Amino acid sequence: MRILQDYNENEIKDILLSLGEKSYRAKQILRGISSGRKLSEITDLSKDFRNILTANYYDLPVEIIEKKVSEKDGTVKYLFRLFDGNVIEGVLMKYKYGNTQCVSTQVGCRMGCTFCASTLDGLVRNLSAGEIFAQIAMVNADLGGNVDDRKVTNVVLMGSGEPLDNYDSVIKFIRNISAKESLNVSPRNISLSTCGLVPKIYDFAEENLPVNLTISLHNPFDDDRKKLMPIANSYSVKEILDACSYYFGKTGRRYIFEYSLVKGVNDTKRCADELIKLLKGRPCHVNLIRLNAVKERNLEGTSEKDARRFMSLLENGGISVTLRRQMGNDIDGACGQLRRKFLKSKEEGAL
Ligand code: SAH
């Protein structure tokens, strides 16, 4: 069995021709599955042909199994079941300019960041391009949208998983979702967040996709960063910055640093001074967020007051910086938290 959403229009044409169907039907199929419809609901196709397709392809690789709406800010957390029973999560954030969906790129993660819930059980498996795509098609449909009336306007690859550790599927996903006959989400409205797989950042720069590159920095000092993020043992901050400059040279897109503030760990004046030294004059922006404490980890988020103080230090040092709201923290908004809760309650027989 294959996943239909893995394919672009030309590939679907080839499938159709190999099955003795007319290639123009590719558009109907692509529009249907991109709108979150099952093959059985695409009634332009003959019943017999729909049966042939469903015997060979999953048309609904991602199914919404739970939805939690934040009473604070309207953020929606989704739990999805994959065709093999694995569970992943995603978040929909409502902003004035549109809806941003945060998608997962892997089941679990093998990067081992100490503050992140997604990585607690390691990597289970990569998602295919179609499984990443279908998360958006399903949420778009859940909001009443389709290919002509797009409710999800922006996408961030910031759910569970390390996108650059699942490189080929992620690139294919970006190309597929930005196709006109599909959901038509421009790469400029897509952000890819990485913990800093430097060689892959160089590869990504060559793809000719003007995606917003976001780096999870979290500490400007290599030795301290290693304590938070094992990937720092492989690549230094300097190597990351060089890769970012290369990315900017190729795409013209300014890059963003994610910086999750951990109380007493990376919220000191010394860290702020070093960030200013490293980042001043670069075409970049710093996104601060207070760490969302994860029960299993012994790290606390910086207080609101100290986060504001840290932000002022950066601002005064000439850095473009914002302090993000902690959206949906009443509904387990941090990466991997909802999935863990779900898996745990299943173990305990509550579901
Ligand atoms: N693997 C990618 C994308 C997934 S994580 C990456 O590392 O960038 C998305 C962002 O959430 C990253 O910046 C990550 O460091 C951050 N994050 C993970 N757990 C968090 C938590 N408990 N509180 C705040 N930010 C967290």
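Given the structure is predicted, the values throughout are model-derived calculations rather than measurements.

Looking at the sheet that holds strand β10 (residues 190-194)
Alright, step 1. Taken together, ten strands build an open sheet; the order of strands is β3-β4-β5-β6-β9-β10-β11-β12-β13-β14 and the sheet is mixed. With one partner strand each, in any of the chains shown, β3 (62-69) and β14 (321-323) form the two edges of the open sheet. Recorded for the sheet is a direction-independent mean angle of 25° between the axes of neighbouring strands.
Alright, step 2. Looking at chain direction, strand β9 (residues 152-157) and β10 are connected through three bridges and run parallel. In the strand pairing of β10, Val156 is matched with Ser191.
Alright, step 3. Along the sheet face, helix α5 (residues 167-177) touches β9 and β10 and points at about 170° away from the line of β9.

Observations regarding the site of the ligand
Alright, step 1. Around the ligand there are 19 residues in total, and Ser193, Ser216, His218, Ser260 and Asn292 lie nearest to it.
Alright, step 2. Within the contact set of the ligand, a nitrogen atom lies 3.0 Å away from a backbone nitrogen or oxygen of Gly161.
Alright, step 3. Measuring from an oxygen atom of the ligand, one finds a side-chain N or O atom of Ser216 at 2.6 Å.
Alright, step 4. For the ligand, whose unbound accessible area comes to 530 Å², protein coverage reaches 92%.
Alright, step 5. Every element with two or more residues in the shell around the ligand is listed here: β10 and β12 (255-261).

Some remarks on the domain arrangement of the protein chain
Alright, step 1. What the domain assignment reports for the protein chain is domain 1 (1-60) and domain 2 (61-350).
Alright, step 2. Just the C-alpha atoms count here: the centres of domain 1 and domain 2 sit 32 Å apart.
Alright, step 3. Between domain 1 and domain 2, the residue contacts involve 17 residues of the former and 20 residues of the latter.
Alright, step 4. Of the roughly 1600 Å² buried where domain 1 meets domain 2, counting both sides, 59% is carbon and sulfur surface.
Alright, step 5. Broken down residue by residue, the surface that domain 1 buries against domain 2 is led by Arg31, Ser34 and Leu60, which jointly contribute 34%.
Alright, step 6. For the interface between domain 1 and domain 2, the tally reads four salt bridges.
Alright, step 7. Between Glu11 and Lys172 there is a salt bridge whose closest N-O contact spans 2.7 Å.

Rules behind the numbers
Residues numbered from 1 in each chain as written. Predicted model: local features only at pLDDT ≥ 70, side-chain atom pairs only at ≥ 80, totals over all residues. Heavy atoms only, no water. Pairing = 2+ DSSP bridges. Helix = DSSP H or I, 4+ residues; strand = E, 2+ residues; numbered from the N terminus. Axes fitted to C-alpha atoms, helices over the stretch in contact; angles between N-to-C directions. Contact = heavy atoms within 4.5 Å. Near = heavy atom within 4 Å. Polar contact = N/O pair within 3.5 Å; in protein donor to acceptor, adjacent residues only side chain to side chain. Areas by Shrake-Rupley, 256 points an atom, 1.4 Å probe, with all protein chains shown as cover. Domains from an automatic or database assignment. Buried area = accessible area lost by both parts, 1.4 Å probe. Salt bridge = Lys/Arg side-chain N within 4 Å of Asp/Glu carboxyl O.

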